[in-house]
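Each chain, letter by letter, is given below.
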Amino acid sequence: MQPEFWHDRWDRNQIGFHLSQVNPYLQRLWPALGVEEGGRVLVPLCGKSLDMSWLAANGHEVLGVELTQTAVEQFFSEQQVEPQVRQQGAFKVYEAGPVKILCGDVFALTEADVASCVGLYDRAATIAFPPEMRAAYARHLSRILPPGCRGLLITLDYDQSQMNGPPFSVPDAEVQSLLSHAWALEVLEQPDVLDQEWKFLKSGVTRLVERVYRLSKIA
């Protein structure tokens, strides 16, 4: 999947993946993770997610990573704050208060960029990548994030033959294969949400499980 795909989606405002409210799993499950108050949380492929504002309001520093400049600019505009902007290595950095967003390729992140991250929140990244890129993404995050990092991963699980991604289906067996060597994983919730997702229903999908994992980096 090329960067132009995502740039085009944002340019055309085809952003059905963007939620107009804070994710309910985040609100309900994050407090019990024990992520250090004031600690920095990495939010890969963050778009203009309101989840970043929620994390910031609940005492965290936020480090978002987003490929598309339009999304980054819309986030700060809609939050009615003026970010400071600078170039830092491979990234154009936008920062205001506790929220910093690195505009660029998530694969360009280094250990130094995320050394202070004690949390990870992945609602949109893993399910955005096709299989080969998904495996590379999982290896990359597992390599650069420090041990002890905790967080939430939210995936979708459906019959991929019934609808093309993104968002892609990432069944539990694949999550275990991708992450269990470096992360302790626990499934917290796994409801079938098909009746809430008209796009999937319209495409003929017959089952749509939203699976939420607690993550803890062990190596």
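Provided above is the structure to which this section pertains.
Residues numbered from 1 in each chain as written. Predicted model: local features only at pLDDT ≥ 70, side-chain atom pairs only at ≥ 80, totals over all residues. Heavy atoms only, no water.

Here the focus is helix α3 (residues 50-57). Taken together, the buried positions of α3 are occupied by D51, M52, W54, L55 and A56. In this structure, the buried residues of α3 make contact with α2 (24-29), β1 (40-44), β2 (61-66), α4 (69-78), β5 (99-103) and β6 (117-122). Here α3 starts with a cap whose side-chain oxygen sits 3.0 Å from the backbone nitrogen of D51, and that cap is S49. In the stretch just after α3, G59 is the one whose phi turns positive, near 95 degrees. (Buried < 20%, exposed > 50% of the residue type's maximum accessible area, 1.4 Å probe, protein only. Helix = DSSP H or I, 4+ residues; strand = E, 2+ residues; numbered from the N terminus. Contact = heavy atoms within 4.5 Å. Polar contact = N/O pair within 3.5 Å; in protein donor to acceptor, adjacent residues only side chain to side chain.)

Our focus in this paragraph is the environment of V106. You can see V106 is positioned in the loop between β5 and α5 (111-114). In the structure, V106 is positioned 77 residues away from W183 in sequence and 19 Å away in space, judged by C-alpha atoms. Residue contacts for V106: discarding those within four places in its chain leaves P44, L45, V65, F129, Y137 and H140.

Sheet architecture is open: 9 strands sit in the order β3-β4-β5-β2-β1-β6-β7-β9-β8, paired in mixed fashion. The sheet is open, and its two borders are formed by β3 (84-88) and β8 (183-189), each paired with just one other strand. Within this sheet the neighbouring strands show an average axis-to-axis angle of 25 degrees, counted without direction. For strand β4 (residues 91-96) and β5, the ladder comprises 5 bridges, and the chain directions are antiparallel. From the neighbouring strand, K92 faces β5, where its bridge partner is C103. The sheet contacts of α3 involve β1, β2, β5 and β6, and relative to β2 the element is tilted by about 165 degrees. (Pairing = 2+ DSSP bridges. Axes fitted to C-alpha atoms, helices over the stretch in contact; angles between N-to-C directions.)

Below, the discussion takes up the side chain of R134. Inspection of the secondary structure assignment puts R134 in helix α6 (residues 131-144). Residues within four places of R134 in sequence aside, it is in contact with T126, F129, F168, S169, V170, E174 and L178.

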